[in-house]
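What the coordinates show
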Amino acid sequence: MAPATPKPPAGASRAWDAVSPPLSPWILQAVSAMGFLRMTPVQATTIPLFTGNKDVVVEAVTGSGKTLAFLIPLVERLLRLEEPLKRHHVGAVVVSPTRELATQIYNVLCSLLEFHAPSAAHLSSPSSDDEDENDVSSHDQPSRSQKTLAIIPQLLVGGTSTPSADLSHFLSRRPSSPNLLIGTPGRLLALLSSPHVHAPQTSFEALVLDEADRLLDMGFKDDVQGILRRVPKQRRTGLFSASVGEAVDQLVRVGLRNPVRVCVRVKGEGGSGIAPNGLRVAGGIDGEELRTPASLTLAYAVLPPAHKFPFLVSLLDALDPRPQKTIVYVSTCAAVDYFARVLPAILRPDTNGSFALPSDRTISIIPLHGHLPPQARKTNLTRFTSSAIPAVLLTTDLAARGLDIPRVDLVLQLDPPSDPKSWLHRCGRAGRAGRKGLAVTTLLQGTGEPDYVEFLRVRGTPDISLAAGAAPLVPDTVAAAAAEALQKEVLADRALHDRGQRAFVSWVQAYRKHAARSIFRVEGLPWGALALSWGLLRVPRMPESRGWVEGPGEGKREVGLGRELEWERYGYRDENRERKRVEGNVTAAAAAAESGGVEQVKGKRKEAWSEKKEKKAEREARREKKRRKRAKEKEQGMAPEEKARRAELQGMIEKVRAGLVAGGTKGRADEDEEWDGFGD
Ligand SMILES: Nc1ncnc2c1ncn2[C@@H]1O[C@H](COP(=O)(O)OP(=O)(O)OP(=O)(O)O)[C@@H](O)[C@H]1O
């Protein structure tokens, strides 16, 4: 692998028609119709390399146009095949970590293919799923329409279809079957595992891992390895991400051959300090490299717990220009669910399920997380992207990467993510394609959290200059009133209390597992203030909060967070649920009287949620250990050639790593392309 990007000649053209080998005329037409006057730097560097015969490792800032940087080469390569692709043969695969991102890539590809008449005909033609789905006899015959090859994409994501429906769609399309697959790892693997789906050496062109560093993480590892086993070793491979660097260790598993590294950063313009609205701005030091777009302003605010939600409201209300779309990140699915229900308590209801901010501006709040039913996940994302009024997407890391949602002006990270790479990707949902954006991170006052800024700087994600001092951005009275309003909302329905307790426990679990443990210390959490700021009526009983809950004196008195409550009479709004609760109370009281007051469930001690979670984690760790042992045993049984190949790849990795390490210093700025944004 080359140590770094081959530097394009000074003043190299970013004109679409200057690409060598030249792009097809219909692609020139497509990009012009999309309004893309020039290539972005990552496109200018990557398209010729990946269309040619190079494997690429591409790291470029969020929103810099990486999607077309791999889609155009894939399409060009497939259309240039000497032999047309046979039916049921796959020519290229794009792997993406989430359904939402895979769907977005698929949609970009479809809008590109609208300009290629043979492919467009397939996009608009109805599926021939009604034809004999089991007829796979013709898979090795060139399809009838292949005088001119058409690109036929298929989207493979979980949720709305089943693996067998995917396969049935793939097999039944006539006269040609899908030849470019885009999907999430599991579904792609399921399809590629079918004996009727072929990806032979002769016609398989390229594999792309988008958000490659995420795909090479543990969670996806087995599926990605499965996909790699099912596509030919002789192929082009592209790894793309805004934070690909650390994924280099994993190259051995991906099997890149002499890859070229493309790295596009931007030059900082300085400007760190305190902005007029009191936010501390984390700008780049003059001339230094940034890993976030120049159009994106980074800021953070150090706040007491009760100030977080009112701060969000004040940002939505006071920012000028007014944020059209805002993404708010919290750490867990349960927290998204709970906040989406209680946050309206600090706003006023408006028409059609939307809410009014103090200044009467209308907003809608839309939850999105991985535990929502698939259809709700899809609907909510569409509601957000197509919302005509300013909207807030309340979400988790599910929406951290890749999503290209127009007009996202503000990103607020209420909980800093445990993976610092996620922080970068979350910020990058705003400030895309040259549009101005603001990304704010809130950090808890009185804890170790403010050190997170320095932690990010040390990790090089990105260069942050600190401004000293913290000024509360919302008056204490407003914050106290907000917490009071949340509690009132919770008091109105016991279901909210249950959700809040569960969400708080899951939040604490996530906090405990933060990568930067010395900064995010559970022991240092201000339990009472935190629980109050969520509108909770008590701090959930869990091992982490034991010291506080069971402690003597003041702590003990605050178990109920200062609010007198007759728990037996605290009911559910839902009548059925309330009836069951009352009946359950009566039965439980009778059982307790019989067993002398000891609470038992079928002879077992009741386990706290957190204990259950811990046990699950232990089981997973044991499984992982076994898996590693098996892999080691397998390696010991490898044939000498296989071992030699592995050693060769290992050598390549070392070279890559040496290149990256050398490139990781400031000196790399000379070799990597810099980008001032879309505006120039
Ligand atoms: N040449 C171009 N000129 C102007 N805009 C472009 C160009 N190419 C792509 N875009 C637009 O830039 C935006 C960001 O592109 P894209 O989603 O591919 O970014 P990305 O680099 O993949 O970001 P991320 O790292 O967040 O996934 C999109 O809205 C896209 O339409």
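Note that the structure is a prediction, hence the values are computed from the model and not measured.

Cut-offs applied
- Each chain carries its own residue numbering, running from 1 in the direction its sequence is written.
- Where totals are concerned, whole chains, interfaces and linings use all residues; where local detail is concerned, this predicted model gives features only for residues with pLDDT of at least 70, and gives and counts side-chain atom pairs only at 80 or more.
- The basis for every side-chain value is the complete set of heavy atoms in the structure, and neither hydrogens nor water enter the calculation.
- Segments assigned H or I by DSSP are reported as helices when at least four residues long, segments assigned E as strands when at least two residues long, and all are numbered from the N terminus.
- Any residue under 20% of the maximum accessible area for its type is buried, any over 50% is exposed, and the rest in between are partly exposed; the area is computed with a 1.4 Å probe on protein chains only.
- In this analysis, two residues are considered to be in contact whenever any of their non-hydrogen atoms come within 4.5 Å of each other.
- Note on areas: Shrake-Rupley with a 1.4 Å probe; residue coverage comes only from the protein chains shown.
- Throughout, near means a residue has at least one heavy atom within 4 Å of the molecule or strand.
- Whenever a nitrogen or oxygen atom comes within 3.5 Å of another N or O atom, the pair is scored as a polar contact, on the condition that within protein one atom can donate a hydrogen and the other can accept it, and that pairs from neighbouring residues in sequence are kept only if both atoms are in side chains.
- Where a domain begins and ends is set by an automatic assignment or by a domain database.
- The term buried area denotes the loss of accessible surface (1.4 Å probe radius) that occurs when two parts are joined, taken as the sum for both partners.
- A side-chain nitrogen of Lys or Arg and a carboxyl oxygen of Asp or Glu constitute a salt bridge if their distance falls within 4 Å.
- Following the grouping adopted for this structure description, the nonpolar residues are Ala, Val, Leu, Ile, Met, Phe, Trp, Tyr, Cys and Pro, the charged ones are Asp, Glu, Lys and Arg, and the polar ones are all others, Gly among them.
- Any two of the Phe, Tyr and Trp rings considered here, Trp counted by its six-membered ring, make a pair once their centres fall within 6.5 Å; the pair's planes then place it as stacked at under 30 degrees, edge-to-face at over 60, or tilted in between.
- Here the axes come from fitting lines to C-alpha atoms, over the contacting stretch only for helices, and the angles between their N-to-C directions go from 0 to 180 degrees.
- We call a crossing left-handed when the near helix sits turned anticlockwise from the far one by less than a right angle, and right-handed when that turn is clockwise.
- Buried residues of nine kinds, namely Ala, Val, Leu, Ile, Met, Phe, Trp, Tyr and Cys, make up a nonpolar core once their side-chain atoms join them within 4.5 Å.
- In short, DSSP must find at least two bridges between two strands for them to pair.
- A crossover gets the label right-handed when its path from the first strand over the helix to the second runs clockwise, viewed with the strands pointing away from the viewer.
- UniProt positions are given in the numbering used here, feature names are shortened, and annotations may be inferred rather than shown by experiment.
- Charge assignment: positive for Lys and Arg, negative for Asp and Glu; neither His nor the chain ends contribute.
- When an angle is under 35 degrees it counts as roughly parallel; over 145 it counts as roughly antiparallel; between 65 and 115 it counts as roughly perpendicular; any other value is oblique.

Considering the overall build of the protein
Within the protein one finds 23 helices and 19 strands. Burial status across the protein gives 52% buried among its 680 residues. Considering only contacts in the protein between residues 6 or more positions apart, those separated by 24 or more positions represent 79%. When the accessible surface of the protein is split by element, carbon and sulfur atoms take 52% of a total near 30,800 Å².

So, the site of the ligand
With respect to spatial proximity, 20 residues lie near the ligand, and among them Arg-38, Lys-66, Thr-67, Asp-404 and Arg-432 are the closest. Between Gly-63 and the ligand, the recorded distance is 2.8 Å, taken from a backbone N or O atom to an oxygen atom. Alone, the ligand offers 640 Å² of accessible surface; in the complex the protein occludes 87% of this. Counting contributing residues, the shell around the ligand receives three or more from each of domain 1 (25–122 + 150–263) and domain 2 (296–477).

Examining the domain arrangement of the protein
Along its sequence, the protein is organised into domain 1 (25–122 + 150–263) and domain 2 (296–477). Distance between the C-alpha centres of domain 1 and domain 2: 31 Å. Summing the contributions of domain 1 and of domain 2, the shared interface buries around 1,600 Å²; its carbon and sulfur component is 51%. In this assembly, domain 1 and domain 2 are joined by four salt bridges. Across the pair Lys-421 and Asp-213 runs a salt bridge, and its minimum N-O distance is 3.5 Å. Counting across the domain 1 and domain 2 interface gives nine residue pairs in polar contact (both at pLDDT 80 or more). Residue assignment for the side of domain 1 that touches domain 2 shows that the elements contributing at least two residues are α4 (99–113) and α8 (212–215). Of the residues contributing to the side of domain 1 that touches domain 2, the split by class is two nonpolar, eight polar and six charged.

Examining the packing of aromatic side chains
Considering all chains together, one arrives at 15 aromatic pairs under this definition. Taken together, a centroid distance of 5.1 Å and an interplanar angle of 85° make the contact between Phe-504 and Trp-534 edge-to-face. Here Trp-534 lies in the loop between α18 (527–533) and α19 (546–550) and Phe-504 lies in helix α17 (residues 494–512), a separation of 30 residues in the sequence. Relative accessible area serves as the criterion here: at 4%, Trp-534 is assigned to the buried category. Taking 5.9 Å as the distance between ring centres and 75° as the angle between the ring planes, the aromatic pair formed by Trp-507 and Trp-534 counts as edge-to-face.

Looking at the packing of helix α7 (residues 185–192) against helix α9 (residues 218–230)
Across the interface, α7 lies against α9 with an axial gap of 9 Å and an inter-helix angle of 35°. For α7 against α9, the interelement crossing comes out left-handed. Between α7, through Pro-185, Gly-186, Leu-188, Leu-189 and Leu-192, and α9, the contact on the second element is made entirely by Phe-220, Asp-223, Val-224, Gly-226, Ile-227 and Arg-230. Per-class residue counts for the contact of α7 with α9 are seven nonpolar, two polar and two charged.

Overview of α7
One turn of the α-helix equals 3.6 residues, which is why residues spaced by three or four share an orientation. Summarising burial for α7: six of the eight residues are buried, a large majority. Tucked into the core, α7 has its buried residues touching β2 (92–95), β3 (153–156), α6 (163–172), β4 (180–183), α8 and α9.

Some details on the nonpolar core
Considering soluble globular proteins, one finds that nonpolar side chains tend to be buried as a cluster. Phe-339, Phe-504 and Trp-534 are the most contacted members of the largest nonpolar core, which has 86 residues in total. Each residue touching Phe-504, except ones within four places of it in the same chain, is listed here: Trp-527, Leu-530, Ala-531, Trp-534, Leu-536, Pro-540 and Met-542.

Quick look at the pairing of strand β18 (residues 437–444)
With eight of its eight residues buried, β18 lies for the most part within the structure. Side chains of β18 alternate between two faces, with Gly-437, Ala-439, Thr-441 and Leu-443 and Leu-438, Val-440, Thr-442 and Leu-444 buried alike. Of the strand pairs in this sheet, strand β11 (residues 296–303) and β18 are connected by eight bridges, and their pairing is parallel. Each bridged residue has a counterpart across the sheet, and for Thr-297 the counterpart in β18 is Leu-438. Regarding the hand of the β-α-β motif, the stretch spanning strand β17 (residues 408–413), helix α14 (residues 420–427) and β18 is right-handed.

Digging into unusual backbone geometry
Cis geometry is found at the peptide bond from Ser-20 to Pro-21, where omega equals 0°. Locating Pro-21 in the fold gives a position in the segment before α1 (25–33). The phi dihedral of Glu-211 is positive, around 55°, even though this residue is not glycine. Note on Glu-211: relative accessible area 5%, which makes it buried. Backbone geometry at Asp-360 places phi at a positive 80°, although glycine is not the residue there. Positionally, Asp-360 belongs in the loop between β14 (355–356) and β15 (362–368).

A closer look at the UniProt feature "short sequence motif: Q motif" (unreviewed entry) in the protein
The residues that UniProt annotates with the feature "short sequence motif: Q motif" (unreviewed entry) are residues 16–44. End-to-end, the C-alpha atoms of residues 16–44 are 8 Å apart, and along that stretch the chain is 45% helix and 0% strand.

Some words on the side chain of Asp-493
You can see Asp-493 is positioned in the loop between α16 (476–491) and α17. For the buried Asp-493, which has no salt bridge, the nearest side chain bearing the opposite charge is Arg-573, at an N-O separation of 4.4 Å. Excluding residues within four positions of it along the chain, Asp-493 makes contact with Tyr-570, Gly-571, Tyr-572 and Arg-573.

Focus on the pattern of salt bridges
Within the structure shown, the criterion is met by 19 salt bridges. One salt bridge in this structure joins Asp-337 and Arg-341, with 3.7 Å as the shortest N-O distance. Of this pair, Asp-337 and Arg-341 both sit in helix α12 (residues 333–342), four residues apart, which is roughly one turn of that helix. On the accessibility criterion, Arg-341 (37% relative accessible area) is partly exposed. Here Arg-432 makes a salt bridge to Asp-404, at a shortest N to O gap of 2.7 Å. You can see Arg-432 sitting in the loop between α14 and β18 and its partner Asp-404 sitting in the loop between β16 (391–395) and β17, a full 28 residues away along the chain. Residue classification places Asp-404 among the partly exposed residues on the basis of a relative accessible area of 43%.

Description of the side chain of Glu-578
Relative to the assigned elements, Glu-578 resides in helix α21 (residues 575–594). Among the polar contacts made by the side chain of Glu-578, one reaches the main-chain amide nitrogen of Tyr-572 at a distance of 2.7 Å. In terms of polar contacts, Glu-578 uses its side chain to reach the side chain of Arg-581, at 3.0 Å.

Side note on α14
Of all eight residues that make up α14, eight are buried, and the element is covered over most of its length. Inspection of α14 places Pro-420, Lys-421, Ser-422, Trp-423, Leu-424, His-425, Arg-426 and Cys-427 among the buried residues, and these make up the whole buried set. Taking the backbone nitrogen of Lys-421 as reference, a side-chain oxygen 2.9 Å away marks Asp-419 as the first, capping residue of α14.

Things to note about the packing of α12 against α17
Across the interface, α12 lies against α17 with an axial gap of 8 Å and an inter-helix angle of 140°. When the interaxial angle is binned, α12 and α17 end up oblique. Judged by the sense of rotation from one axis to the other, the crossing of α12 with α17 is left-handed. Counting all contacts with α12, which are made through Ala-334, Ala-335, Asp-337, Tyr-338, Arg-341 and Val-342, the residues of α17 involved are Leu-496, Arg-499, Gly-500, Ala-503 and Ser-506. The residue inventory of the contact of α12 with α17, partitioned by class, reads six nonpolar, two polar and three charged.

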